[in-house]
Amino acid sequence: MVTKQFSGSPEDADLRRADSLAREIFSDVANKWALLIIEAVGERTLRFSELRNEIEGISHKMLTQNLRMLERNGLVDRSVHPTVPPRVEYTLTEAGQGLRKTVDGMCDWTHRHLGDIEDARRRFGA
C-alpha cells in the first residue's frame, strides 16, 4: 500500500481533497470494525482472542486487517511477549485514546437517537 507523505501543506489536512493525507487517514479509521475495536480496547490491554470475543461478528481476517491498519496509523500499540505460544497484546496509544473520545461521542449519539432512526427507517420503508 502506498501511503501519502505529510508535507506540512494545508492540502494534506483537507478532507475534501481526494489526494489528501487526512482523507486517507479518515478513510482508514471511519469503518465500523475500526470504531468497534477502538471502543472495545478502551483503556484496557487486550489479547487478540479477547478482542475477537468482545466484537461479535468480526472475522479473524477483518480483526487482523484492522488491527494492522490501526497500528500503522499510530492508534494501537502491539506488544509481542516471547512466550510459547507468543502472547500478543493491544492497547490504544495517546492518539488512539483521543480518537476514542470521538468514538464514545458517536456511541452516545447512537444511543440517544436510536428510536428516532428506527422511526425514520420504518417510515422510509412504508
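Residues numbered from 1 in each chain as written. Predicted model: local features only at pLDDT ≥ 70, side-chain atom pairs only at ≥ 80, totals over all residues. Heavy atoms only, no water.

What is the right way to look at the confidence of the model for the protein chain in this model?
Interpretation of the predicted coordinates at a detailed level should be avoided for regions scoring low in pLDDT. Within the protein chain, residue pLDDT values average 90, and 90% of them lie at 70 or more. Taking the mean pLDDT of every element in the protein chain, the minimum, 85, falls on helix H1 (residues 21-29) and the maximum, 97, on helix H4 (residues 60-72). (pLDDT = per-residue confidence, 0-100. Helix = DSSP H or I, 4+ residues; strand = E, 2+ residues; numbered from the N terminus.)

Help me understand the packing of helix H2 (residues 32-41) against H4, please; the structure alone is not making it clear to me.
Two quantities define a packed helix pair, namely the angle between the helix axes and the distance between the axes. Their axes nearest at 10 Å, the elements H2 and H4 cross at an angle of 75°. Here H2 lies roughly perpendicular to H4, going by the angle between them. For the pair H2 and H4, the contacting residues are Trp 33, Ala 34, Ile 37 and Ile 38 in the first and Met 62, Leu 63, Asn 66, Leu 67, Met 69 and Leu 70 in the second. In terms of residue class, the contact of H2 with H4 is built from 9 nonpolar, 1 polar and no charged. (Axes fitted to C-alpha atoms, helices over the stretch in contact; angles between N-to-C directions. Parallel < 35°, antiparallel > 145°, perpendicular 65-115°, else oblique. Contact = heavy atoms within 4.5 Å. Nonpolar A, V, L, I, M, F, W, Y, C, P; charged D, E, K, R; others polar.)

I keep staring at the pattern of salt bridges and nothing clicks. Help me out?
Going through the model one piece at a time under the given rule, you end up with 5 salt bridges. Arg 72 serves as the salt-bridge partner of Asp 28, at 2.9 Å between the closest nitrogen and oxygen. Here Arg 72 lies in helix H4 and Asp 28 lies in helix H1, a separation of 44 residues in the sequence. Note that Arg 44 and Glu 54 form a salt bridge whose closest N and O atoms lie 3.2 Å from each other. Linking Arg 44 in the loop between H2 and strand E1 (46-47) with Glu 54 in helix H3 (residues 48-54), this pair joins segments that are 10 residues apart in sequence. A relative accessible area of 38% places Arg 44 in the partly exposed class. (Salt bridge = Lys/Arg side-chain N within 4 Å of Asp/Glu carboxyl O. Buried < 20%, exposed > 50% of the residue type's maximum accessible area, 1.4 Å probe, protein only.)

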